Amino acid sequence: MQVNKTAIIILNYNNYEDTINCVESIKKFNTAPVKIIVVENGSTREGVMSSLDSFFLKSYGADYVSVNSEKPVMEKLPYITLVYSETNDGYANGNKKGLRFAYGDTEISHVMILNNDVLFVEDII
């Protein structure tokens with residue numbers, strides 16, 4: 001049975017604080033069925049990946065997974081997926097990494113690409 005969920009793809013590069021705030025605003029205001037895919041796009045700032053991983057694990061537990069961008073896609077993603085890349089391949093290719101995982105999930109029927117500095121202030125999906 002297909003569930004119509006929206007994948008929200010958020011690209012992160014060096015600024016994990018904005019990414020965390022963006023995800024938290026989605027959690028606070030959104031009521032539509034969504035799955036969040038954060039793509040860590042080869043940040044050069046030390047501690048970015050570990051900060052994102054720690055926050056998501058603490059906040060979402062079993063509803064979170066971290067996966068290398070080169071790994072095979074999963075049939076069903078959890079609520080939040082952190083896709084990490086060893087290299088920064090630019091904005092478009094970073095989003096394509098997230099799209100690859102979204103397209104592999106049979107529950108996802110729509111995709112929203114969101115910059116990490118966007119904050120939800122109301123339910124918009």
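Structural data are supplied above this passage.
Residues numbered from 1 in each chain as written. Predicted model: local features only at pLDDT ≥ 70, side-chain atom pairs only at ≥ 80, totals over all residues. Heavy atoms only, no water.

Just to check I follow, could you spell out the pattern of salt bridges for this structure?
A complete count under the given rule lists six salt bridges for this structure. In this structure, Asp 105 and Lys 35 form a salt bridge, with 2.7 Å as the shortest nitrogen-oxygen distance. Taken as a pair, Asp 105 in the loop between helix H3 (90-104) and strand S5 (108-115) and Lys 35 in strand S2 (residues 34-41) lie far apart in primary sequence, 70 residues in all. The partner of Lys 76 in a salt bridge is Glu 107, and the shortest N-O contact between them spans 3.9 Å. Remark: Glu 107 occurs in the loop between H3 and S5 and Lys 76 occurs in the loop between strand S3 (64-68) and strand S4 (80-85); sequence separation between them is 31 residues. Because the salt bridges share partners, they merge into one network encompassing Lys 5, Lys 35, Lys 76, Asp 105 and Glu 107. (Salt bridge = Lys/Arg side-chain N within 4 Å of Asp/Glu carboxyl O. Helix = DSSP H or I, 4+ residues; strand = E, 2+ residues; numbered from the N terminus.)

Hey, could you run me through the sheet that holds S3 in this one?
What links the strands of a sheet is backbone hydrogen bonding, and the strands pair in either a parallel or an antiparallel sense. Judged by pairing direction, the sheet is parallel, and its five strands sit side by side in the order S3-S4-S2-S1-S5 without closing on themselves. The open sheet has two edge strands with one neighbour each: S3 and S5. Geometrically, the sheet is characterised by an average inter-axis angle of 20° between neighbouring strands, direction not taken into account. Pairing between S2 and S4: six bridges, direction parallel. The residue bridging Asn 41 from the neighbouring strand is Ser 85, located in S4. Contacts from helix H2 (residues 48-60) reach strand S1 (5-12), S2, S3 and S4, with the element oriented near 165° to S4. (Pairing = 2+ DSSP bridges. Axes fitted to C-alpha atoms, helices over the stretch in contact; angles between N-to-C directions. Contact = heavy atoms within 4.5 Å.)

Whenever I open this one, the side chain of Lys 35 confuses me. Can you help?
Classification of Lys 35 as buried rests on a relative accessible area of 2%. Here Lys 35 is in contact with Lys 5, Thr 6, Ala 7, Ile 8, Lys 76, Leu 77, Pro 78, Tyr 79, Asp 105, Glu 107 and Ile 108, once residues within four sequence places are set aside. (Buried < 20%, exposed > 50% of the residue type's maximum accessible area, 1.4 Å probe, protein only.)

What exactly am I supposed to notice about helix H1 (residues 16-29) here?
Count 3.6 residues to each turn of an α-helix, and residues three or four apart come out pointing the same way. For H1, spanning 14 residues, the distance from its first C-alpha to its last is 20 Å, which sits close to the expected 20 Å at 1.5 Å a residue. For H1, the complete set of buried residues consists of Tyr 16, Thr 19, Ile 20, Cys 22, Val 23, Ser 25 and Ile 26. (Expected span 1.5 Å × (residues − 1).)

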